[in-house]
Amino acid sequence: MSRQAPLRWLASQSATRTVPSTLRRTIFTVPPRASQAASLAACPEPEQGPVASGHDEFWRQIPMWRDVSVDQFTSYAWSKKNIVEHHKRSRSENLQGILRVVLPDSVPCDSSPNKLQRREELIEDVFQGIAASTMSLRLMPYIFSRINWQDPRHDPIFRQFFPVKSLMVPDHPKLKLDSLHENEDSPVDGVVHRYPDKALFLPVSVCPTYCTFCTRSYAVGAEVSTFTKQQMKPILKRWEHAFAYIESQPGLHDVVVSGGDAYYLAPDQLAYIGERLIKMKNIRKFRFASKGLAVCPNRVLDPEDRWADALIWVHRKALGAGKRMALHTHFNSPNEVSWITQAACSKLVEAGVTIRNQTVLLRGVNDSVETMSALIRTLADSLRVAPYYVYQCDMVKNTEHLRTPLQTMLDLETQIRGSIAGFDMPQFIVDLPEGGGKRLAPTFLSYDRQTGVSRYMAPAVKGKEKEDKVYEYYDPCIMA
Ligand code: SF4
């Protein structure tokens with residue numbers, strides 16, 4: 001990215017607000033990039049041959065990327081050009097063509113690995129799934145090439161990002177688009193304020209890759225056929241309304257910058273948000289939430305892209321001001337992790353950035369003790385990322401086939417605790433429907449395994465008649 005480029009976004013906003021001089025300083029003091037070779041050298045497997053060629057170039061198994069070099073694959077510009085996507089207005093032939101190239105003639109079925117589904121049947125199944133889905137389809141090349149295309153229906157990455165009609169089942173009647181009632185807890189556009197000392201800021205509603213189970217599907221992603229989304233555009237005027245609200249709340253000390261995904265913010269936008277928050281007297285800490293490290297870690301290593309530099313710059317600036325910044329990421333499967341992820345995490349961790357992970361518990365993705373344990377160990381030991389939360393899948397529309405009963409989470413917690421160091425043990429959480437906030441899964445008031453209804457209270461969440469409210473989580477109607 002050129003030194004001048006960051007001003008483009010600000011210039012486009014000038015009709016709504018004068019660019020603060022502090023921001024000009026922000027942009028021009030972001031430090032120069034380390035070389036790509038230096039970034040890759042941080043990767044811990046340098047034994048065989050040159051660093052860049054001593055690793056598995058897994059993307060070359062994808063026929064159309066057979067000749068793509070490490071340097072090309074590391075380029076974020078190349079990644080953006082080669083995104084695999086389909087939304088309401090895209091041409092179906094594009095995705096069909098890609099699937100025809102990557103899929104074998106037939107693949108094992110879900111029900112029985114000995115039963116096969118023909119390639120054209122699976123493609124039709126995917127397109128019917130897209131038509132019924134609440135999320136559009138988008139995958140960065142990195143995560144697309146981590147899928148086992150010989151057996152996609154059993155692949156934990158394919159299951160998260162490809163809507164497949166034959167997998168979908170009717171929703172539990174309590175499932176909603178905005179199950180956490182974020183709209184009810186939003187005092188101004190782009191802010192959710194539920195806890196007294198913490199708020200969520202939503203600067204953007206797009207992501208580098210779309211999860212079919214997204215909690216914020218009411219707003220996130222490109223248009224779909226099933227309903228109209230609330231869009232959250234990265235417009236300075238909208239952001240400033242949100243900042244004015246955040247600054248006006250003396251009891252508010254902590255901000256989560258999410259979306260959408262902070263990875264879809266340009267480096268100058270990230271720096272701008274960071275600096276605005278650091279300058280607010282009431283804000284003590286903030287986190288950027290991003291799935292970027294899980295779906296496109298190569299961006300962090302790209303010498304032409306400055307997102308990671310901007311993040312590190314904000315981190316140092318926050319420390320200098322006596323405040324804290326962290327990156328919250330979203331890994332759900334150990335299969336998402338490669339040597340590129342290790343190199344990217346090393347770069348950020350060694351620059352002092354705290355990284356914490358939030359996993360969503362998903363049926364057929366990470367709902368076994370073996371997989372969840374492997375994920376936690378990989379995060380903690382290979383990536384040096386804190387395995388912070390494992391969430392029960394929210395009661396969001398069109399997720400019934402991916403949700404697990406609460407009992408699955410309780411069993412995982414029971415079996416994993418004691419096998420992993422306590423400080424690496426994530427908290428197993430239910431984010432209560434209707435805006436009750438996060439509660440530890442085993443702290444229910446009651447859990448009826450027959451009806452699948454668990455009940456919780458959230459004493460710290462007040463206002464809007466929430467003081468004595470009892471919140472209910474409903475297990476999926478289908479069981480394994
Ligand atoms: S990355 Fe986060 S916000 Fe984006 S689609 Fe996935 S869950 Fe939703």
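Note that this is a predicted model, so its numbers are computed, not measured. (Residues numbered from 1 in each chain as written. Predicted model: local features only at pLDDT ≥ 70, side-chain atom pairs only at ≥ 80, totals over all residues.)

Student: So what's going on with unusual backbone geometry? Residues and values would help.
Tutor: Cis peptide bonds are those with omega within 30 degrees of zero, and the linkage from Gly-259 to Gly-260 qualifies with 20°. Positive phi values are uncommon outside glycine, yet His-181 reaches one of about 55°. Relative to the elements of secondary structure, His-181 occurs in the loop between α9 (156-161) and β5 (191-195). Judged by C-beta crowding, with 17 C-beta atoms within 10 Å, His-181 ranks as partly exposed. Positive phi, normally seen in glycine, also occurs at Arg-384, with a value near 60°. Within the secondary structure, Arg-384 sits in the loop between α16 (369-383) and β11 (386-392). Looking at Arg-384, the number of C-beta atoms within 10 Å reads 15, which means it is partly exposed. (Helix = DSSP H or I, 4+ residues; strand = E, 2+ residues; numbered from the N terminus. Buried ≥ 20, exposed ≤ 12 C-beta atoms within 10 Å, placed from the backbone.)

Student: Outline the sheet that holds strand β15 (residues 453-457), listing residues and values.
Tutor: Strand-to-strand pairing in sheets goes through backbone hydrogen bonds, with the strands running parallel or antiparallel. As summarised here, the arrangement of the three strands in space is β14-β15-β16, forming an open sheet in which the pairing is antiparallel. Every interior strand has two partners, whereas the edge strands, β14 (446-448) and β16 (470-474), have only one. The sheet shows a mean angle of 20° between the axes of neighbouring strands, taken without regard to direction. Pairing analysis gives five bridges linking β15 to β16, with the strands arranged antiparallel. If you follow Tyr-456 over to β16, its bridge partner there is Tyr-471. (Pairing = 2+ DSSP bridges. Axes fitted to C-alpha atoms, helices over the stretch in contact; angles between N-to-C directions.)

Student: A description of the packing of helix α11 (residues 267-279) against helix α14 (residues 307-320) should follow, citing residues and the corresponding values.
Tutor: Contact pair α11 / α14: the axes reach a minimum separation of 8 Å and the direction vectors enclose 10°. One element, α11, and the other, α14, form an angle in the roughly parallel class. Between α11, through Pro-267, Leu-270, Ala-271, Gly-274, Glu-275 and Ile-278, and α14, the contact on the second element is made entirely by Trp-307, Asp-309, Ala-310, Leu-311, Trp-313, Val-314, Lys-317 and Ala-318. (Parallel < 35°, antiparallel > 145°, perpendicular 65-115°, else oblique. Contact = placed C-beta atoms within 7 Å.)

Functional significance is not addressed by these values, which are geometric in nature.
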